[in-house]
Amino acid sequence: MSIIRITKHFDFETAHALYGYDGKCKNIHGHSYQLYVTIIGIPINDANHVKNGMVLDFGDLKNIVKSEVIDIFDHATVLNANSPHKELAAKIESHSSRVILVDYQPTSENMLVDFANKISKNLPNSVTLHSLKLCETNNSYAEWFASDQS
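The rules we used
- Residues numbered from 1 in each chain as written.
- Predicted model: local features only at pLDDT ≥ 70, side-chain atom pairs only at ≥ 80, totals over all residues.
- Heavy atoms only, no water.
- UniProt positions renumbered as here; feature names shortened; annotations may be inferred.
- Pairing = 2+ DSSP bridges.
- Helix = DSSP H or I, 4+ residues; strand = E, 2+ residues; numbered from the N terminus.
- Axes fitted to C-alpha atoms, helices over the stretch in contact; angles between N-to-C directions.
- Contact = heavy atoms within 4.5 Å.
- Buried < 20%, exposed > 50% of the residue type's maximum accessible area, 1.4 Å probe, protein only.
- Polar contact = N/O pair within 3.5 Å; in protein donor to acceptor, adjacent residues only side chain to side chain.
- Core = buried A, V, L, I, M, F, W, Y, C linked by side-chain atoms within 4.5 Å.

The protein chain appears in an unreviewed UniProt entry as 6-carboxy-5,6,7,8-tetrahydropterin synthase from Aureibaculum flavum. Quoted straight from UniProt, the Cofactor (unreviewed entry) entry for the protein chain says "Zn(2+)". What UniProt records for the protein chain under Catalytic activity (unreviewed entry) is the sentence "7,8-dihydroneopterin 3'-triphosphate + H2O = 6-carboxy-5,6,7,8-tetrahydropterin + triphosphate + acetaldehyde + 2 H(+)".

So this is what it looks like as C-alpha cells:
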C-alpha cells in the first residue's frame, strides 16, 4: 500500500514581542501567519469504510488544528512568561482577553515546536505528523519535520 502525505493550510493573525531581542521585534507587533500542516499515512483500504481511500479526512485535520492552534492563537498577543513581559501581559489583559503567556520566546521556530506537540497528541494512531511550515511574512518561514526530531 502507498504511503501518502496530505497537507492543510491555515491562516491566522497573532501579535507577539521578543523579550531581550536586539531589533524591532522587541516591540509588540503582529503577523498574518500561514501554517501548513502535513500528515503522513496509508489510505484506508476498506470499501465498507465511510472514509475509504483517505489518509485522514481533511475536515478532521482541520478540526484538530483549529482547536489546538488556530482558535487559541488567532488574534491573540503571545508573550514570554519567563520574562518581564508577564507584567506587560497583565496590563494588556485589562483591554484584551486574548493574551497568551508561553514558556518560551515566541519566535516562529518555538511556536512550531509547540504546535507540533499540540497537533501530534490529537492525531489518530493511523497517521503521524510529517511536517509544519509557518510563514511569518511572505518571504520568511520556519519548518519542522518529524524526521529531524530525535
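(A) Expanded view of the pairing of strand β6 (residues 140–145). When strand β5 (residues 127–137) meets β6, the two strands line up antiparallel, connected through six bridges. Bridging from a neighbouring strand, S131 pairs with F145 of β6. Hairpin connection from β5 to β6: two residues lie between these consecutive antiparallel strands.

(B) Here's a closer look at the sheet that holds strand β4 (residues 99–102). Read across the sheet, six strands follow the order β4-β3-β1-β2-β5-β6 without closing on themselves; strand pairing throughout is mixed. With one partner strand each, in any of the chains shown, β4 and β6 form the two edges of the open sheet. Taken over all neighbouring pairs, the strand axes of this sheet differ in orientation by 35° on average, direction set aside. Contacting β3 (76–80) and β4, helix α2 (residues 85–93) runs over the sheet at an angle of about 155° to β3. Where helix α3 (residues 108–120) meets the sheet, it contacts β1 (4–16), β2 (29–41), β5 and β6, and its direction lies at approximately 150° from that of β5.

(C) Here's a closer look at the side chain of T14. You can see T14 is positioned in strand β1. With relative accessibility at 4%, the residue T14 sits in the buried group. Polar side-chain contacts of T14 include one of 2.7 Å to the backbone oxygen of F73. When sequence neighbours within four positions are dropped, the list of residues in contact with T14 reads H29, G30, H31, Y33, F73, D74, A76 and V78.

(D) Inspection of the nonpolar core at higher detail. If you look at the biggest cluster of nonpolar residues, it comprises 32 residues, and the most contacted ones within it are L35, F115, I119 and L132. Among the elements of the structure, β1, β2, α1 (58–73), β3, β4, α3, β5 and β6 are those that each provide at least two residues to this core. Counting residues per element, this core draws most heavily on α1, which supplies six residues. If we ignore the near neighbours within four places in the chain, the residues touching F115 are F12, L35, V69, F73, L132 and L134. Counting residues in hydrophobic clusters, the runner-up holds five residues, among them A17, A89, I92 and V99.

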